[in-house]
Amino acid sequence: MTLNVKERRNKTGTVLVATGEINSETSGALLQALLPLVREGKPLRIDLTAVTYVSSAGLRTLLVVYREAQHAGVAVTLYGVSEEVRFVMSATGFLDFFETGEAVAAAAKAKAKAAR
């Protein structure tokens, strides 16, 4: 299977939407798409809603992106992480490196509730 990536830019940052599988054949192209976005210094959201599989090569790619983002001081948030992908990332500890859209939404909801 292939991996397709599309990017959308707005005033607050960039959203990269990935569709397909992130594996040894596709992870290099994903890395080439993500690193320049991280280096721009704006917040980056990676939408994994349509990603059906992440291999160890895909995890390694996400780790490289995480390290580069930490070095650049850039926030990277994962959105739409499926249960299968979440399980793999959680079991290997990779999910701890990233904020997820669900966590961001929960924090915003708690903040709004506390402000009332």
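Parameters at a glance
- Residues numbered from 1 in each chain as written.
- Predicted model: local features only at pLDDT ≥ 70, side-chain atom pairs only at ≥ 80, totals over all residues.
- Heavy atoms only, no water.
- UniProt positions renumbered as here; feature names shortened; annotations may be inferred.
- Helix = DSSP H or I, 4+ residues; strand = E, 2+ residues; numbered from the N terminus.
- Contact = heavy atoms within 4.5 Å.
- Axes fitted to C-alpha atoms, helices over the stretch in contact; angles between N-to-C directions.
- Parallel < 35°, antiparallel > 145°, perpendicular 65-115°, else oblique.
- Nonpolar A, V, L, I, M, F, W, Y, C, P; charged D, E, K, R; others polar.
- Core = buried A, V, L, I, M, F, W, Y, C linked by side-chain atoms within 4.5 Å.
- Buried < 20%, exposed > 50% of the residue type's maximum accessible area, 1.4 Å probe, protein only.
- Pairing = 2+ DSSP bridges.

Under the annotation held in an unreviewed UniProt entry, the protein carries the name Anti-sigma factor antagonist and is attributed to Streptomyces avidinii. The record in UniProt for the protein states the following under Sequence similarities (unreviewed entry): "Belongs to the anti-sigma-factor antagonist family."

**Here's the deal with the environment of Lys-6**
Secondary-structure assignment places Lys-6 in strand β1 (residues 3-10). The spacing of Lys-6 and Ala-18 is 12 residues in sequence and 6.7 Å in space, taken between C-alpha atoms. Those residues in contact with Lys-6 that sit more than four places away from it in its chain are Val-15, Leu-16 and Val-17.

**Focus: the packing of helix α1 (residues 27-39) against helix α2 (residues 56-72)**
The contact between α1 and α2 brings their axes to 10 Å, and the two run at 10°. Relative to α2, the element α1 is oriented roughly parallel. Contact with α1, carried on its side by Ser-27, Leu-30, Leu-31, Leu-34, Leu-35, Val-38 and Arg-39, involves Ala-57, Gly-58, Thr-61, Val-64, Val-65, Glu-68, Ala-69 and Ala-72 of α2 and no other residues of that element. Considered class by class, the residues forming the contact of α1 with α2 number 10 nonpolar, 3 polar and 2 charged.

**Side note on the nonpolar core**
Leu-48 and Met-89 are the most contacted members of the largest nonpolar core, which has 28 residues in total. Contributing elements (two or more residues each) for this core: β2 (13-22), α1, β3 (44-54), α2, β4 (76-79) and α3 (83-91). Not counting chain neighbours up to four residues away, the residues in contact with Leu-48 comprise Ala-18, Ile-22, Leu-78, Tyr-79, Gly-80 and Val-81.

**A look at the pairing of β2**
Most of β2 is tucked away, with 8 of its 10 residues classed as buried. For β1 and β2, the ladder comprises 8 bridges, and the chain directions are antiparallel. Within the sheet, the bridge partner assigned to Arg-9 lies in β2 and is Thr-14. Linking β1 to β2, which pair antiparallel, is a turn of 2 residues. In the sheet, β2 pairs with β3 via 8 bridges, with the strands oriented parallel. Bridged to Thr-19 within β3 is Ala-50.

**Considering the sheet that holds β1**
Judged by pairing direction, the sheet is mixed, and its 5 strands sit side by side in the order β1-β2-β3-β4-β5 without closing on themselves. Edge positions in the open sheet fall to β1 and β5 (99-100), since each of these has one partner strand only. One ladder, built from 4 bridges, connects β3 with β4; its direction is parallel. Paired with Asp-47 across the two strands is Tyr-79, which belongs to β4. Along the sheet face, α1 touches β1, β2 and β3 and points at about 175° away from the line of β2. Together, β3, β4 and β5 form the strand contacts of α3, whose direction differs from that of β3 by roughly 100°.

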